[in-house]
Amino acid sequence: MKRAARLLILPLMAVLLMGADNQEARYQKLGGKIMCTCGCAEMLLQCDHVGCPNSDRMTHELRANVQRMSNDEEVLDWFRSTWGVAAVVEPRTHGFELLAWILPTAGLALGLLLVVLVIRNWKMRPAPVAAADLNLAPDLEALRDRARRETEI
Amino acid sequence: MPLLGSFCLLFALALAAYCFVVGVIAAVRQDAVGYRLAETARRAGMASFAAVLVAAGALVYAALTDDFSVAYILHHSNRALPGPYKFAVLWSGQEGSVLFWALLLSAYGFVLRLRHKVDQRLVAMASMVLAGIQVFFLILANFAANPFGMMDRVAADGSGLNPLLQYPEMVIHPPMLYLGYVGVSVPFAFALAALIMRYPGEKWIHITRRWTMVAWLFLTFGISLGAHWAYAVLGWGGYWGWDPVENASLLPWLSTTAFLHSVMMQEKRGMMKVWNVWLIFITFMLSILGTMLTRSGMVSSVHAFAQSSIGTWFTGLLIVTFTVCLVFYIVNRDHLRSENNLESLVSRESSFMFNNLLLLGACFAVLCGTLFPMLSEAVRDVKMNLGAPFYNKVIVPIGLFLIFLTAVGPLLAWRNTSVGSIKRNFAIPGTVALVVELVVAGILGKNGVRFWTDTWQMYAMLAFCLSTLVIATVASEFIRGGIVWKNKLQTNLLFGMYQLTRRNMRRYGGYVVHFGVVLVVIGLAGAAFNRDKEQEMAAGDKLELGRYTLVSRAYTEDDNANYQSRAALLDVYKNGKFLTQLNPEERRFKASGGQPVHIIANHSTLREDLYVTFQGLNNQTGHPIIKAIINPLVNWIWIGVLVIAFGTGMALVPNATVMTVPVPSAVAVASIEKQQGMQPAGAGK
């Protein structure tokens, strides 16, 4: 009977401890996405300035919300509605904040398009006349110079 | 002394203005009189350096002698401040840093004007452009941010230096960063001068290459010293927080890195001339934009800078610079026509193009993130800062692609690379990378790290694999080239590799830089495996973290003229064996209202750092709260930076000799013709 109880309790404790670990990890992870709102421009878990009016309260609220809410986005939304949208430094994936995600991606896509267009333009230009056609055989030194430049030998 | 400083600043402005105006007249005239005028402008430009140097010396002297009649000294120094930090007062505040910028700019100008014989006409024009920038900074230093403003009455003591800056690295970090920022003005001046003059050939590129590399090296050093300072002083266990001030230094670094790569296309193939000119223009404008962002109060930053109207001046400079660049580009754009076409998508040229795309993509993403608070304020009336979670998600994938290109690029031949050549060149490095990756995965798995369950740890594993690929390709380039020289000179492989390197310092120095970069990447990837624990520790209490056990021995307090401190004495055990004692401390500087500064205690090895901070006291129990963090592989970052510096130094050294190729005999020519179409053994050679 004792052995059976142990067998039941051990996995239960493991699951509970794992949960505790996860809660701490969630607290740290979410703390890295929330900013102290007192104007110090520091992340919540890094704010250490003397007499900060907000950071203690915010960290307590974060810990409580991590326990209470199972969804990370729910916790962040709670901070947005309580402390203002500027309290969370990770933009949402909808509304105006979506722009923050779109801009770099669009910039990169535009750049890629530009590179492709430049390459296409280059390839469509008439090819430079081949060295052999120019009958440059006596001018070997110039060709060698070019070869050196282009092959770095 | 303050009067002398003020006078010298005004005199320097007059000299720089003369250099600029007369430089313009000389450039327009282009006759014997113009030549003589250009010479006087050059000398005036050189004299402006002496004048700014005396002004800066006067400010340092005022700091060293505690002259609190000068407002700047009163606000940024105090009597108890140690000597070296009094010297650092020069760049610790708004007005001083503008003067320091002007000093460095005139110092660069002095060297440039001294070396005018490289190409007198081009240097005269570049000197004129540089003088224009000097005039801007000297106007700022004289009228908008004068460091020699006087107080009505002399105070007994000053407000003190920002406590965060009272750290040895802070004495060298800002000058390094400034040398980088200001350094990009020189290639900018040359690029604009060459465009204005329709300067023929690529000589301006050859002249500016070294200047650009020096500026890039200073930027690299400045950024890494700042990261090391953040790691050692801020006490949060990290080195990069994506703060706007940090981003401001990264932006010109990224565009300069892009330029250092794409410039090779222009030198070797006469391509991308427009791109290169604009890259330099953009780099200069980014360094100005960074200064504007951090000094105008437009974005919030943990780095304390005064908010003032100085931002408006920089906006003006940006507009003028962009307009001037655009006008001369439109007028002279036909001069920048490409000489060659791209022949294949699989070639060194295309790898440079994609490398530039990714570097500028990263630059654009960082810029978007840094400017987003302003956009958000304009649209929603809320300044929303973007932090590490955003930047990491956007930049890390771009960074991984870049490392991939760093591995692939050097093995591709100019103009065209065949599939056979790719297979040959990548077989060994690819196999090595895969084997190392499997070994690392095995070791991590054995230590219970389930990296496949965490996105960042998966990214880190990919970074390890790609970094190994880069190291293997760099090594294969050295070895294959070394074997050729070993056989040619009948010597050993090491000497062969030395000979190979001496004959192309730029290329092999570049490979060493790539090696340094991947060491940094390995160090950065280690952050995905960080662990930490925070605990209140009374005497005798234990804190367990990984293989380490920290035992609290004592808690001490100290008080001196400059600060009060509280520290814990901890014994550290590793796997049960005594390892060392650590002494994390917290200092509160008296002149700065008791703002705490962490003096971290760090046990550092190649494998990991045991990073311990004194977080404060529990008010109820009076016991210290200790935070311990295991930061794997951090040391690789600092070692990587030193390797990058070494590689850049190598690339700056001229080649030993120019290799001559004997004229081939008729038989040899016939044999070469027979082999036409074959790829060289080392496509990149």
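One numbering rule holds for all chains: residues counted from 1, following each sequence as written. Going through the entries in the order they are written, you letter the chains from A and number the ligands from 1. Whole-chain, interface and lining totals are the exception, using all residues; otherwise, since this is a predicted model, local features are given only for residues with pLDDT of at least 70 and side-chain atom pairs are given and counted only at 80 or more.

Chemist: Quick rundown of the overall build of chain B? Include the residues and the values.
Modeler: Think of it this way: any DSSP run of H or I at least four residues long counts as a helix, any run of E at least two long counts as a strand, and we number them from the N terminus. What chain B contains, in helices and strands, is 20 helices and 10 strands. C-alpha atoms define the radius of gyration, and 2.2 Å times the number of residues to the power 0.38 defines the globule rule. Taken over the C-alpha trace, chain B has a radius of gyration of 28 Å; the compact-globule value for 685 residues is 26 Å, and the two agree within 12%. Across its three principal axes, chain B shows a C-alpha extent of roughly 90 × 75 × 55 Å.

Chemist: Tell me about the overall build of chain A, and please be specific about residues and values.
Modeler: When helices and strands are tallied, chain A shows 5 helices and 0 strands. Mapped in sequence order, the helices and strands of chain A form the string α-α-α-α-α. Here exposure depends only on C-beta density: within 10 Å of a residue's C-beta, 20 or more other C-beta atoms make it buried, 12 or fewer make it exposed, and intermediate numbers make it partly exposed, the C-beta atoms being placed from the backbone. The buried share of chain A, taken over its 153 residues, is 18%. Put simply, of all contacts in chain A between residues at least 6 apart along the chain, 39% involve residues at least 24 apart. Throughout, a residue-residue contact means that the two C-beta atoms, derived from backbone geometry, are no farther apart than 7 Å.

Chemist: I'd like a description of the pairing of strand β9 (residues 608–617) of chain B, backed by residues and values.
Modeler: All names here are of chain B. Burial runs high along β9: 8 of the 10 residues are buried. DSSP calls a pair of strands paired once it identifies at least 2 bridges connecting them. Sheet topology note: the strand β8 (residues 601–604)/β9 ladder contains 4 bridges and is antiparallel. The residue bridging Ser-604 from the neighbouring strand is Asp-609, located in β9. As consecutive antiparallel partners, β8 and β9 are separated by 3 residues. Sheet topology places β9 next to strand β10 (residues 624–632); 9 bridges connect them, and they run antiparallel.

Chemist: Outline helix α18 (residues 505–525) of chain B, supporting the account with residue identities and numerical values.
Modeler: Over its 21 residues, α18(B) extends 30 Å from the first C-alpha to the last, a length consistent with the 30 Å expected when each residue adds 1.5 Å. For α18(B), the buried fraction is high: 19 of the 21 residues fall into the buried class. Expected helix span is taken as 1.5 Å per residue step, with the number of steps being one fewer than the number of residues.

Chemist: Got a sec to walk through the nonpolar core? Specific residues and values, please.
Modeler: Where a protein is soluble and globular, its nonpolar side chains tend to be buried together. All names here are of chain B. In terms of nonpolar packing, the biggest core is built from 216 residues, with Ala-12, Ala-55, Ala-102, Ala-126 and Phe-137 touching the most fellow members. In terms of residue count, helix α9 (residues 203–234) provides more of this core than any other element does, 18 residues in total. Apart from the residues lying within four places of it in its own chain, the contact partners of Phe-137 are Val-98, Trp-101, Ala-102 and Leu-105. Residues Ala-568, Ile-600, Ala-601 and Val-612 belong to the second largest nonpolar core, which totals 16 residues. A set of buried residues qualifies as a nonpolar core if it consists of Ala, Val, Leu, Ile, Met, Phe, Trp, Tyr and Cys joined through C-beta atoms within 7 Å.

Chemist: Quick one: what's the story with the environment of Ala12(B), residue by residue and with numbers?
Modeler: Residues and elements named next belong to chain B. Looking at the secondary structure, you find Ala-12 in helix α1 (residues 2–29). C-beta crowding within 10 Å serves as the criterion here: with 29 such atoms nearby, Ala-12 is assigned to the buried category. For the pair Ala-12 and Ala-131, spaced 119 residues apart in sequence, the C-alpha separation works out to 11 Å. Setting aside anything within four residues of it in sequence, one finds Ala-12 in contact with Ser-48, Ala-51, Val-52, Ala-55 and Leu-138.

Chemist: Kindly report on the sheet that holds strand β1 (residues 531–536) of chain B, identifying the contributing residues and their values.
Modeler: All names here are of chain B. Read across the open sheet, the 4 strands follow the order β1-β10-β9-β8; overall the sheet is antiparallel. Looking at which strands have only one partner, the edges of the open sheet turn out to be β1 and β8. With direction set aside, neighbouring strand axes in the sheet form an average angle of 15°. Here, axes are lines fitted to C-alpha atoms. For helices the fit covers the stretch in contact, and angles between N-to-C directions go from 0 to 180 degrees.

Chemist: If you had to explain the pairing of strand β2 (residues 542–545) of chain B to someone new, which residues and values would you point to?
Modeler: When a strand is regular, its side chains alternate between the sheet's two faces. Residue and element names in this part refer to chain B. Bridging between β2 and strand β3 (residues 548–559) involves 4 bridges; their strand directions are antiparallel. Directly across from Leu-545, in β3, lies its bridge partner Tyr-548. Here β2 hands over to β3 after 2 residues, with Gly-546 in that stretch at a positive phi of 55°.

Chemist: Got a sec to walk through the confidence of the model for chain A? Specific residues and values, please.
Modeler: Residues and elements named next belong to chain A. A score from 0 to 100, pLDDT tells how confident the predictor is in each residue. The pLDDT averaged across chain A works out to 75; a share of 67% of its residues lies at or above 70. Averaged pLDDT values over the elements of chain A bottom out at 60 in helix α1 (residues 2–31) and peak at 90 in helix α3 (residues 72–83). Predicted confidence is poor over residues 10–21, with pLDDT under 50, and the contacts of this stretch with residues over four places away or in other chains come to 0 contacts.

Chemist: Provide a residue-level description of unusual backbone geometry, including the pertinent values.
Modeler: Residues and elements named next belong to chain B. Despite not being glycine, Asp-66 shows a phi value in the positive range, around 50°. By the element assignment, Asp-66 lies in the loop between α2 (32–64) and α3 (71–76). Even without a glycine there, the phi angle at Trp-242 is positive, about 55°.

Chemist: Which residues make up the environment of Val214(B), and what values do they have?
Modeler: Secondary-structure assignment places Val214(B) in helix α9. Along the sequence, Val214(B) and Ala645(B) sit 431 residues apart, while their C-alpha atoms lie 9.9 Å from each other.

Chemist: Report on helix α10 (residues 244–269) of chain B, specifying residues and quantitative values.
Modeler: Residues and elements named next belong to chain B. Taking 1.5 Å of rise per residue, the 26 residues of α10 would be expected to cover 38 Å, and the 38 Å separating its terminal C-alpha atoms lies within 8% of that figure. Two axes define the bend at a residue: one fitted to the seven residues ending there, one fitted to the seven starting there, and the bend is the angle between them. Along α10, the helix axis deviates most sharply at His-261, where the bend reaches about 25°. Burial analysis of α10 places 23 of its 26 residues in the buried class, which makes it a mostly covered element.

Chemist: Now, about the packing of α9(B) against helix α19 (residues 634–652) of chain B: what can you tell me, with residues and values included?
Modeler: All names here are of chain B. Orientation of α9 relative to α19, taken along the N-to-C sense of each, is 170°, at an axis distance of 10 Å. In terms of their interaxial angle, α9 and α19 are classed as roughly antiparallel. Residues Arg-210, Met-213, Leu-217, Thr-220, Phe-221, Ser-224 and His-228 of α9 form the contact with α19, whose own contacting residues are Trp-638, Val-641, Ile-644, Ala-645, Thr-648, Ala-651 and Leu-652. Following the grouping adopted for this structure description, the nonpolar residues are Ala, Val, Leu, Ile, Met, Phe, Trp, Tyr, Cys and Pro, the charged ones are Asp, Glu, Lys and Arg, and the polar ones are all others, Gly among them. A per-class count over the contact of α9 with α19 returns 9 nonpolar, 4 polar and 1 charged. Each angle is binned into one of four classes, with values under 35 degrees roughly parallel, values over 145 roughly antiparallel, values of 65 to 115 roughly perpendicular, and all other values oblique.

Chemist: Let's hear about the confidence of the model for chain B: which residues, and what values?
Modeler: Summarising the model, chain B shows a mean pLDDT of 87, and 93% of its residues fall at 70 or more. Reported confidence for the predicted complex is 0.79 by ipTM and 0.86 by pTM.

Chemist: Quick one: what's the story with the packing of helix α5 (residues 94–114) of chain B against helix α7 (residues 168–183) of chain B, residue by residue and with numbers?
Modeler: Residue and element names in this part refer to chain B. Where α5 meets α7, the axes come as close as 9 Å, and the angle between the chain directions of the two elements is 55°. On the basis of their axis angle, the class for α5 and α7 is oblique. The handedness of the crossing between α5 and α7 is right-handed. Each of Phe-100, Trp-101, Leu-104, Leu-105 and Tyr-108 in α5 lies in contact with α7, whose residues at this interface are Tyr-178, Leu-179, Val-182 and Gly-183. Less than a right angle of anticlockwise turn of the near helix away from the far helix marks a crossing as left-handed, whereas a clockwise turn marks it as right-handed.

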